[in-house]
Amino acid sequence: ARHYQWLIPNAILHYDSTRASADYRAMAAALRQCLKQRALVFLLSDFLTADTAQLAQTAEALRDQHDLVSVTGSDPREADPPARIGRASPLGEAV
């Protein structure tokens, strides 16, 4: 049971942030596999997604199964990105 204490830190450290947007359905499916009983679930996200219907469905399903707390986070640097042409690679070099 001690391995549970490392689930969140490992998920954060190994998250591929270069993806276009979060896959909330995949996140909910992973939670269903891990959590067999009702639990307190914290959903940390910037909630910037083009598919708001998918996000709403996923949040509703999570609320039905668990106690859901949504926490919105943002990065002020995203509001005013550097004036570079191109996009950044996963290693930070301009492409």
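Note that the structure is predicted; figures quoted are calculated from it, not measured.

Asks: Let's hear about helix H2 (residues 24-34): which residues, and what values?
Replies: Looking at H2, one finds that the buried residues are Tyr24, Ala28 and Leu31. Across the axial projection of H2, the buried residues extend over an arc of 60°, all falling on one side. Lining the buried residues of H2 we find strand S1 (40-45) and helix H3 (52-65). For H2, the N-terminal capping position is held by Asp23, with its side-chain oxygen 3.3 Å away from the main-chain nitrogen of Arg25.

Asks: Help me get a handle on the pairing of S1, residues and values and all.
Replies: Side chains Val41, Leu43 and Ser45 project from S1 onto a buried face, and the interleaved Leu40, Phe42 and Leu44 project onto a face without burial. As paired elements, S1 and strand S2 (residues 67-72) share six bridges and run parallel to each other. Paired with Ser45 across the two strands is Thr72, which belongs to S2.

Asks: Pulling in residues and values, what's your account of the packing of aromatic side chains?
Replies: Taken as a whole and judged by the stated rule, the model has one aromatic pair. Between Tyr24 and Phe47 the ring centres are 6.5 Å apart and the planes differ by 5°, which places this aromatic pair in the stacked class. Placement of the pair is Tyr24 in helix H2 and Phe47 in the loop between S1 and H3, with a sequence separation of 23 residues. Tyr24 gets classed as buried once you look at its relative accessible area, which sits at 4%. Relative accessible area serves as the criterion here: at 22%, Phe47 is assigned to the partly exposed category.

Asks: I'd like to hear about the side chain of Gln54, residue by residue, with values.
Replies: Mapped onto the fold, Gln54 is located in helix H3. The buried category is assigned to Gln54, whose relative accessible area is 10%. For Gln54, the contacting residues outside a window of four places in its chain are Ala22, Asp23, Tyr24 and Arg25.

Asks: Quick one: what's the story with the packing of H2 against H3, residue by residue and with numbers?
Replies: Remark: H2 packs on H3, axes separated minimally by 9 Å, with the N-to-C direction vectors making an angle of 15°. Comparing the axis directions of H2 and H3 gives the class roughly parallel. In terms of crossing hand, the pair formed by H2 and H3 is left-handed. For the pair H2 and H3, the contacting residues are Tyr24, Arg25, Met27, Ala28, Leu31 and Arg32 in the first and Gln54, Leu55, Gln57, Thr58, Leu62 and Gln65 in the second. Of the residues assigned to the contact of H2 with H3, the class counts are six nonpolar, four polar and two charged.

Rules of the game
- Residues numbered from 1 in each chain as written.
- Predicted model: local features only at pLDDT ≥ 70, side-chain atom pairs only at ≥ 80, totals over all residues.
- Heavy atoms only, no water.
- Buried < 20%, exposed > 50% of the residue type's maximum accessible area, 1.4 Å probe, protein only.
- Helix = DSSP H or I, 4+ residues; strand = E, 2+ residues; numbered from the N terminus.
- Arc of directions from axis to C-beta.
- Contact = heavy atoms within 4.5 Å.
- Polar contact = N/O pair within 3.5 Å; in protein donor to acceptor, adjacent residues only side chain to side chain.
- Pairing = 2+ DSSP bridges.
- Phe/Tyr/Trp six-rings, centres within 6.5 Å; stacked < 30°, edge-to-face > 60°.
- Axes fitted to C-alpha atoms, helices over the stretch in contact; angles between N-to-C directions.
- Parallel < 35°, antiparallel > 145°, perpendicular 65-115°, else oblique.
- Left-handed = near helix turned anticlockwise from the far one by under 90°.
- Nonpolar A, V, L, I, M, F, W, Y, C, P; charged D, E, K, R; others polar.

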